[in-house]
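Read off the chains here:
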Number of protein chains: 2
Amino acid sequence: MKISELSRRSGVSIPTIKYYLRDGLLPPGRATAANQADYGEEHLRRLRLVRTLVGVRRLPVGAVKEILGAVTEQDGDLHQIFGIVTDARPVTQQQKQARERERQEAGEETGGVTDARELVAAMGWEVHSGTAAIRSLGEVLDALSDMDSGIDWRSLLPYARLADRISELDVQQMEGVSGVLELAERAVLVSVLLEPALLAMRRLAQEDKSARLFGGGSEEGEEE
Amino acid sequence: MKISELSRRSGVSIPTIKYYLRDGLLPPGRATAANQADYGEEHLRRLRLVRTLVGVRRLPVGAVKEILGAVTEQDGDLHQIFGIVTDARPVTQQQKQARERERQEAGEETGGVTDARELVAAMGWEVHSGTAAIRSLGEVLDALSDMDSGIDWRSLLPYARLADRISELDVQQMEGVSGVLELAERAVLVSVLLEPALLAMRRLAQEDKSARLFGGGSEEGEEE
DNA sequence: TGTGATGGATAGTAGTGCGATCCATTATCC
DNA sequence: GGATAATGGATCGCACTACTATCCATCACA
């Protein structure tokens, strides 16, 4: 398949495909001549996955590259794949620098991270301690404490128990998938793409619950 | 309080504060002269909230503006506040345009959105149908179907049930908060800031579960 | 044999989240 | 009361991201 066909079948413009090729998001096609390359079905699948992660999940291109690169070289151990996918965080360069600064002036390990480790311990989760998720959770706990919200890691325990049950559903989604690449792709899909779906459902449920509890205040407004 | 004190107390640089003032993220201080304005404690709180949403939750500045603007003018009905917060989605201009195009070529209402409505109906959630959350969920369902993942809205029902229980926790977090602005701030905190915390906990639990199920493949690597 | 697509490279664009600088005005300290 | 320094307001610039556009020599294919 030539690049024009790849473009037609995926709906992605040729310049964008070239950009992904340059950036290593898409492996180069099999070169048949100095100015000709051949792309296969797996390029199409990969391209669709990239578009999904960038377009729907809105991951930065760099993060998608990390995920896909790590996943395709570490093909074999499903747990490793989950770990890699789990560890890839969407942070831009600017934001990274800002984080650096904040971390430095906070003394390299904020109280929130310590609290996050306590929560992990309380839940009995066994994770390798360098996870980005712990830092991420730590940041939120720091912010909650800075804002005097009165919400601490203990108040998050009920949430953690539900998160635990969500993760059980997640690993169930891996059943019945055969190939190695298919498993990797499924792991990416389940752990990354379901994130916006989960948040969306939470928001829908929130609207429902808040209507039942505090609602009725002004109950017109079906118009958009 | 002068701008310099606001900067010192918040840890936010003066140019950044000026930028927020320009963009309407922060209400202007009470002008005492042509080149002097006075800021109060509520400016400090607001600034901290902005920094939390931009820095920790990584919302685009425009989205934060929408949320805060809507929340502070609609002070009164807690359900309205939840709805507003719920409806603000972080989308950049570029991405918006891309969405526009995709929606046009898909005929203005994708199958995923229809599926999303079915899921909402199956859960018995009562929401006004224009919600961004439905569109968001629809996009994910579209992507899952495009990728032939075999995951459809029915497979998401177990997730939806857990999301429902999460939302019950969310509304519980509103208890014991008194003032109107305090309630609004709490609603923002709970529904927006807890998002990264939820995702982080899900990832931690995923790592734990995947280790228990598929793990043991290569169990060294405590080093970071 | 020529026409148009291809790969590869370089440059340009729009949008975001600031930081830097300039300016006239004005609080403030001596 | 005069120097100093800070303030509000404005404009410019910068780094980064995700593309888009253009150019070019080369080559398939009709």
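Just above sits the structure.
We now turn to the structure provided with this report. A quick note: this is a predicted structure, and the numbers were derived from the prediction, not measured.

**What to know about the relation of the copies chain A and chain B**
For step 1, the next point in the chain: By a simple turn and slide, chain A fits onto chain B: the slide is 0.0 Å along the axis, the RMSD is 0.1 Å, and the turn is 180°. Considering both components of the superposition, the chain copies are consistent with a two-fold axis. When C-alpha distances to the rotation axis are compared across chain A, the minimum falls at Leu162 of chain A, with a value of 3.3 Å.
For step 2, the next point in the chain: Here 100% of the contact residues of chain A are again contact residues in chain B; the copies associate through an equivalent surface.

**Concerning the side chain of Ser191 of chain A**
For step 1, the next point in the chain: Its place among the elements puts Ser191 of chain A in helix H10 (residues 180-214).
For step 2, the next point in the chain: Beyond its immediate sequence surroundings of up to four residues, Ser191 of chain A is in contact with Phe82 and Val85 of chain A together with Arg202 and Gln206 of chain B.

**What about the packing of helix H7 (residues 111-123) of chain A against helix H8 (residues 132-146) of chain A?**
All names here are of chain A.
For step 1, the next point in the chain: Taken N-terminus to C-terminus, the directions of H7 and H8 make an angle of 115°; their axes are 7 Å apart at the nearest point. When the axes of H7 and H8 are compared, the crossing they make is right-handed. In this structure, H7 contributes Gly111, Gly112, Val113, Asp115, Ala116, Arg117, Leu119 and Val120 to the contact, and H8 contributes Ile134, Arg135, Leu137, Gly138, Leu141 and Asp142.
For step 2, the next point in the chain: Across the contact of H7 with H8, the residue classes break down as 7 nonpolar, 3 polar and 4 charged.

**Quick notes on the nonpolar core**
Considering soluble globular proteins, one finds that nonpolar side chains tend to be buried as a cluster.
For step 1, the next point in the chain: Membership of the largest hydrophobic core comes to 133 residues, with the highest contact counts inside it found for Leu119, Trp125 and Leu137 of chain A together with Leu119, Trp125 and Leu137 of chain B.
For step 2, the next point in the chain: Once you skip the residues sitting within four places of it in the chain, Leu137 of chain B turns out to touch Ala197, Ala200, Met201 and Leu204 of chain A together with Ala116, Leu119 and Leu156 of chain B.

**Comments concerning the protein's contact with DNA strand C**
For step 1, the next point in the chain: Near DNA strand C lie 24 residues; those nearest to it are Ile3 and Ser4 of chain A together with Ser13, Thr16 and Asn35 of chain B.
For step 2, the next point in the chain: Between DNA strand C and Ser4 of chain A there is a distance of 2.6 Å, counted from a phosphate oxygen to a side-chain nitrogen or oxygen.
For step 3, the next point in the chain: Val61 of chain B is positioned such that a nitrogen or oxygen atom in its backbone is 3.1 Å from a phosphate oxygen of DNA strand C.
For step 4, the next point in the chain: Mapped onto the surface near DNA strand C, the elements with two or more residues apiece are helix H1 (3-10), helix H2 (14-23) and strand S2 (36-38) of chain A together with helix H2 (14-23), helix H3 (41-56) and helix H6 (93-106) of chain B.
For step 5, the next point in the chain: Counting residues per element, the surface near DNA strand C draws most heavily on H2 of chain B, at 4 residues.
For step 6, the next point in the chain: For the surface near DNA strand C, the per-class residue count stands at 11 nonpolar, 9 polar and 4 charged.

**Focus: the pattern of salt bridges**
Residue and element names in this part refer to chain B.
For step 1, the next point in the chain: As enumerated under the stated definition, the model contains 22 salt bridges over all chains in all.
For step 2, the next point in the chain: Among the salt bridges present, the one from Glu195 reaches Arg57, with a minimum N-O distance of 2.4 Å. Placement of Glu195 in helix H10 (residues 180-214) and of Arg57 in the loop between H3 and helix H4 (61-73) is noted, with a sequence separation of 138 residues between them. Assigned by exposure class, Glu195 and Arg57 land together as buried.

Conventions adopted
Residues numbered from 1 in each chain as written. Chains lettered and ligands numbered in written order. Predicted model: local features only at pLDDT ≥ 70, side-chain atom pairs only at ≥ 80, totals over all residues. Heavy atoms only, no water. Least-squares fit on C-alpha atoms with pLDDT ≥ 70 in both. Contact = heavy atoms within 4.5 Å. Helix = DSSP H or I, 4+ residues; strand = E, 2+ residues; numbered from the N terminus. Axes fitted to C-alpha atoms, helices over the stretch in contact; angles between N-to-C directions. Left-handed = near helix turned anticlockwise from the far one by under 90°. Nonpolar A, V, L, I, M, F, W, Y, C, P; charged D, E, K, R; others polar. Core = buried A, V, L, I, M, F, W, Y, C linked by side-chain atoms within 4.5 Å. Buried < 20%, exposed > 50% of the residue type's maximum accessible area, 1.4 Å probe, protein only. Near = heavy atom within 4 Å. Polar contact = N/O pair within 3.5 Å; in protein donor to acceptor, adjacent residues only side chain to side chain. Salt bridge = Lys/Arg side-chain N within 4 Å of Asp/Glu carboxyl O.

The quantities given are spatial measurements derived from coordinates; they are silent on function.
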